[in-house]
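A closer look at the structure
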Amino acid sequence: MTDRPLAGQHALVTGASSGLGEAVARALAAAGAAVAVNFVANEPAARRVVQDVEKAGGRALAVRADVSREDEVEAMFAKILSTWPALDILVNNAGVQRDAPLTEMTLAQWNTVLGINLTGMFLCSRAAARAMVRQGVRAGVSRAAGKIVCMSSVHEVIPWAGHANYAASKGGVKLLMQSMAQELAPQRIRVNSIAPGAIRTPINRRAWETPEALASLLTLIPYGRIGEPADVGRAVTWLVSDDADYIHGQTIVVDGGMTLYPEFARGG
Ligand code: NAI
Ligand code: BGC
């Protein structure tokens, strides 16, 4: 991969004011893309990402939208497409957990998680695909007309007691991604997922913030360390580059081996 494999490209990263989204936005910008940094509430954090990118000589734009709301998603895409000539990359990253045992889970907890993690991904992917179909392949910019990345999770395959809403949303992401990939391939829009394992971000703070919690978490990770947001930033940067041009409809797992059934290393 060259130093700036995404030069001349324009990207939108949802939920980019923290955690994985922020790391992905910074990594795409470092690889040469202009980046729209979506946020829903924390505007100062999104502006800090934009300023850092600009200080390093890149281009970025902070744009507010709740990805679960159709009107706000449409307005966000209208703003980006009236500012930039094209949208080459969408990273559907925004996601939340609202954890509860099934017997105590409220409909609001269920709907919030499905609304952001799955419906939000549909709304943003639909808007991006429309723009990508319109623009077509931009010769000399990328071999694809567009690239869509869905931030899934190891919980698209690992069931998760106490998190049925979250696991259901990520299971849904798996077939949403594959169905979009099947449908959009003739338009040369590449669609893939990244499935991170445990990565150190605010969403799972309780799983790593004390030595005891971290030690317990590490029993689930054969590689012996928690993931860092930059691990995911690098994977996404490669996946949207032309070096990955023939990768389509796949989930790339970035988990230090969490999906290897680590308990079977000692039993079975
Ligand atoms: P995070 O809590 O730092 O990031 C979530 C982001 O989504 C935040 O920036 C938040 O403001 C944004 N967001 C929430 N609701 C939104 C809405 N309605 N509209 C727009 N943005 C909204 O946590 P993290 O870990 O960075 O999560 C990012 C994605 O990565 C999520 O989809 C999560 O499911 C996924 N993931 C995280 C893993 C981890 O271990 N940290 C592992 C596997 C997947
Ligand atoms: C969840 C994290 C969890 C990780 C591994 C992610 O999808 O958001 O809370 O640490 O999966 O279980």
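Residues numbered from 1 in each chain as written. Chains lettered and ligands numbered in written order. Predicted model: local features only at pLDDT ≥ 70, side-chain atom pairs only at ≥ 80, totals over all residues. Heavy atoms only, no water.

1. Considering the pairing of strand β4 (residues 89-92)
- Side chains of β4 alternate between two faces, with Ile89 and Val91 and Leu90 and Asn92 buried alike.
- When strand β1 (residues 10-13) meets β4, the two strands line up parallel, connected through three bridges. Considered in β4, the bridge of alanine 11 is made with isoleucine 89.
- Relative to strand β5 (residues 146-151), β4 runs parallel, the two sharing four bridges. Across the sheet, residue valine 91 finds its bridge partner in β5, namely valine 149.
- Taken together, β4, helix α4 (residues 107-135) and β5 form a β-α-β motif whose crossover is right-handed. (Buried < 20%, exposed > 50% of the residue type's maximum accessible area, 1.4 Å probe, protein only. Helix = DSSP H or I, 4+ residues; strand = E, 2+ residues; numbered from the N terminus. Pairing = 2+ DSSP bridges. Right-handed = clockwise from strand over helix to strand, strands pointing away.)

2. Comments concerning the site of ligand 1
- Residues in close proximity to ligand 1 total 28 residues, the closest being Ser18, Leu20, Asp66, Tyr166 and Thr201.
- Here an oxygen atom of ligand 1 and a backbone polar atom of asparagine 93 are 2.8 Å apart.
- Between ligand 1 and the protein, one listed contact pairs an oxygen atom with a side-chain N or O atom of asparagine 204 at 3.1 Å.
- Starting from 810 Å² of accessible surface for ligand 1 in isolation, the protein chains cover 91%.
- Counting only elements with at least two residues in the shell around ligand 1, the list comes to α1 (19-30) and α5 (164-184).
- When its residues are assigned to classes, the shell around ligand 1 shows 14 nonpolar, 12 polar and two charged. (Near = heavy atom within 4 Å. Polar contact = N/O pair within 3.5 Å; in protein donor to acceptor, adjacent residues only side chain to side chain. Areas by Shrake-Rupley, 256 points an atom, 1.4 Å probe, with all protein chains shown as cover. Nonpolar A, V, L, I, M, F, W, Y, C, P; charged D, E, K, R; others polar.)

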